[in-house]
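# Survey of secondary and tertiary structure
Here is what each chain is made of, one letter per residue.
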Amino acid sequence: MTVTEAPVTRADAPAAGRSPRLRWALLAVGLVAALALPWFVYPPVAMDIVAMALFAIALDILLGYTGLLSFGHAAFWGSSAYVTGLIATHYGVPFPLAVLGGAVFAMVLALPLGYLSVRRSGIYFAMVTLAFAQMVYFVGYQWSGLTGGENGLQGVPRSFFGIEPVETESFYFYYAALPILLLGMWLAWRIVHSPFGRVLVSIRDNTARARALGYEVEKYKLLAFVLSAGLTGLAGGVFAINHGFVALTELHWSTSGEVVLMTVLGGIGTLWGGILGALLVVMLADYLASSGFHGIDLVTGSVFVLVVLLFRRGIWGTVRHQWLTRRSRD
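All of the points below concern the structure found in this document. (Residues numbered from 1 in each chain as written. Predicted model: local features only at pLDDT ≥ 70, side-chain atom pairs only at ≥ 80, totals over all residues. Heavy atoms only, no water.)

A few words now on the overall build of the chain. A tally of helices and strands in the chain yields 16 helices and 2 strands. For the chain, the C-alpha radius of gyration of 19 Å lies close to 20 Å, the compact-globule estimate for 330 residues. C-alpha atoms of the chain, sized along the principal axes, occupy 55 × 40 × 40 Å. Relative to its 330 residues, the chain shows a buried fraction of 48%. When contacts within the chain are restricted to residue pairs at least 6 apart in sequence, those whose partners lie at least 24 apart make up 79%. About 16100 Å² of surface is accessible on the chain, with carbon and sulfur atoms providing 66% of the total. Positive and negative side-chain charges of the chain, numbering 20 and 16 respectively, have mean locations separated by a distance of 17 Å. (Helix = DSSP H or I, 4+ residues; strand = E, 2+ residues; numbered from the N terminus. Rg over C-alpha atoms; globule rule 2.2 N^0.38 Å. Buried < 20%, exposed > 50% of the residue type's maximum accessible area, 1.4 Å probe, protein only. Contact = heavy atoms within 4.5 Å. Areas by Shrake-Rupley, 256 points an atom, 1.4 Å probe, with all protein chains shown as cover. Lys, Arg positive; Asp, Glu negative; His and termini not counted. Charge placed at Lys NZ, Arg CZ, Asp CG, Glu CD.)

What follows concerns the pattern of salt bridges. Considering all chains together, one arrives at 3 salt bridges under this definition. Note that arginine 204 and aspartate 205 form a salt bridge whose closest N and O atoms lie 3.0 Å from each other. For aspartate 205, a relative accessible area of 40% gives the class partly exposed. Note that arginine 211 and glutamate 218 form a salt bridge whose closest N and O atoms lie 2.9 Å from each other. Given a relative accessible area of 29%, glutamate 218 falls into the partly exposed group. (Salt bridge = Lys/Arg side-chain N within 4 Å of Asp/Glu carboxyl O.)

Let's shift gears to the packing of helix 3 (residues 43-63) against helix 9 (residues 170-192). At their nearest, the axes of helix 3 and helix 9 sit 10 Å apart, and the two run at 15° to each other. Considering their axes alone, helix 3 and helix 9 lie roughly parallel with respect to each other. Crossing of helix 3 over helix 9 shows left-handed handedness. Contacts from Pro43, Pro44, Ala46, Met47, Val50, Ala51, Ala53, Leu54, Ile57 and Ile61 of helix 3 reach helix 9 at Ser170, Phe171, Phe173, Tyr174, Ala177, Leu178, Leu181, Gly184, Met185, Ala188, Ile191 and Val192. (Axes fitted to C-alpha atoms, helices over the stretch in contact; angles between N-to-C directions. Parallel < 35°, antiparallel > 145°, perpendicular 65-115°, else oblique. Left-handed = near helix turned anticlockwise from the far one by under 90°.)

The next point concerns a nonpolar patch on the surface. A contiguous nonpolar surface patch, about 500 Å² in accessible area, is contributed by Val305, Leu306, Leu309, Leu310 and Phe311. Tracing the backbone shows leucine 306 in helix 15 (residues 296-310). (Patch = residues over 30% accessible without salt bridge, like charges linked within 9 Å, V, L, I, M, F, W, Y side chains within 5 Å.)

Along the chain, serine 159 falls in the loop between strand 1 (153-154) and helix 8 (164-168). Linking serine 159 and leucine 97, residues 62 residues apart in sequence, is a C-alpha distance of 10.0 Å.

Next up on the list: helix 9. Spanning 23 residues, helix 9 covers 32 Å between terminal C-alpha atoms, matching the ideal 33 Å at 1.5 Å per step. Along helix 9, the sharpest change in direction is near 35° and occurs at alanine 177; proline proline 179 comes one to four residues later. Taken as a whole, helix 9 has its buried residues at Phe173, Tyr174, Ala176, Ala177, Leu178, Ile180, Leu181, Gly184, Met185, Ala188, Ile191 and Val192. (Expected span 1.5 Å × (residues − 1). Bend = angle between axes of the 7 residues up to and from the residue.)

Relative to the helices and strands, serine 144 resides in helix 7 (residues 144-147). Note: C-alpha distance between serine 144 and tyrosine 42 (102 residues apart in sequence) is 32 Å.

This structure, assessed with the given rule, holds 14 aromatic pairs. Arranged with centres 6.2 Å apart and planes meeting at 90°, the rings of phenylalanine 125 and phenylalanine 225 form a pair that is edge-to-face. Of the two residues, phenylalanine 125 sits in helix 6 (residues 122-142) while phenylalanine 225 sits in helix 12 (residues 217-243), which places them 100 residues apart along the sequence. Considered together, phenylalanine 125 and phenylalanine 225 belong to a single accessibility category, that of buried residues. Judged by centre distance (5.4 Å) and plane angle (90°), the ring pair of phenylalanine 171 and tyrosine 172 falls under edge-to-face. Of the aromatic side chains, those joined through ring pairs into one cluster are Trp39, Phe171, Tyr172, Tyr174 and Tyr175. If you follow arginine 119 out to its NZ or CZ, it ends over the ring of tyrosine 115, 4.4 Å from the centre. It is arginine 158 that lies over the ring of phenylalanine 173; its NZ or CZ is 4.6 Å from the centre. (Phe/Tyr/Trp six-rings, centres within 6.5 Å; stacked < 30°, edge-to-face > 60°. Lys NZ or Arg CZ within 6 Å of the ring centre and 35° of its normal.)

With that settled, the discussion passes to the nonpolar core. Membership of the largest hydrophobic core comes to 90 residues, with the highest contact counts inside it found for Met47, Val50, Phe76, Phe95, Tyr174 and Leu231. Of the residues forming this core, the biggest block, 16 residues, is contributed by helix 3. What phenylalanine 95 contacts, discounting residues up to four positions off in sequence, is Arg158, Ser159, Phe160, Val166, Phe173, Ala176, Ala177, Ile180 and Ile241. (Core = buried A, V, L, I, M, F, W, Y, C linked by side-chain atoms within 4.5 Å.)

Where helix 3 meets helix 13 (residues 253-266), the axes come as close as 9 Å, and the angle between the chain directions of the two elements is 80°. By the angle between their directions, the pair helix 3 and helix 13 is classed as roughly perpendicular. Listed contacts from helix 13 to Met52, Phe55, Ala56, Leu59, Asp60 and Leu63 of helix 3 are Thr255, Glu258, Val259, Val260, Met262, Thr263 and Val264.

Rendered as structure tokens:
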């Protein structure tokens, strides 16, 4: 498959209008915020925020840039979490290697699932991915000798070259695992800002035209699907190490729905929106759980409906659109 330059579409215009100074300023602010987060938020929760942010960014490569709504990404998140936990438990390797193993497994799993899914589009693609994810969930539930079934996979270690503070304290573990997630975010940024990413946008905007120009649409979709699964696997592996436990719910369809919520909440097709959506959803859920409130899903759903009504492009997407509109008028 030859990746060539795709024609610039209207969806590319906002990115082109952003100044390099603003881009570097946003990156600097984001990096400082990531480094400072465990000083203001309980470190395990801070790690969950960054892991879920990468999860949402990975989904956005499909949803925002390729136009494919996946309700099955929990299969890659959860399977990577299990594989990471099993590698760390049985082989005692440093957790970055275990996380890498989980991400590779997620990409391998995505190949057959993606090959069968990308030949459909719209609601049919969403339903096919959901069906495959539920099959993976069923396997995880039935294979209790390996996954622990309803009891989950317990006692996942944080081995890290014998460095005790990282292995025993969540605060230091955060800074040891953060580079993995930041690397995943950088890879996502490179994907969507490459010629390959422009082809994905052209497929999203006009599939028939992209095919007429000679692009093998299904192959591009499949590659985007596999790359998205790999980044999801990185996030799921870190999540498993962070908790020292993998629950069966990580494979459940509700986990896929939660990351879709985060992505739409922040704004699809922005990458930054996934980070903001993950921050809001995880922080809100943690605050409500800490206060003893049991209707977390009710509050989260109400916030989602309110944001969709007031911010049609998501929070980050709406702010970005308004800023670009004012700038074009000036």
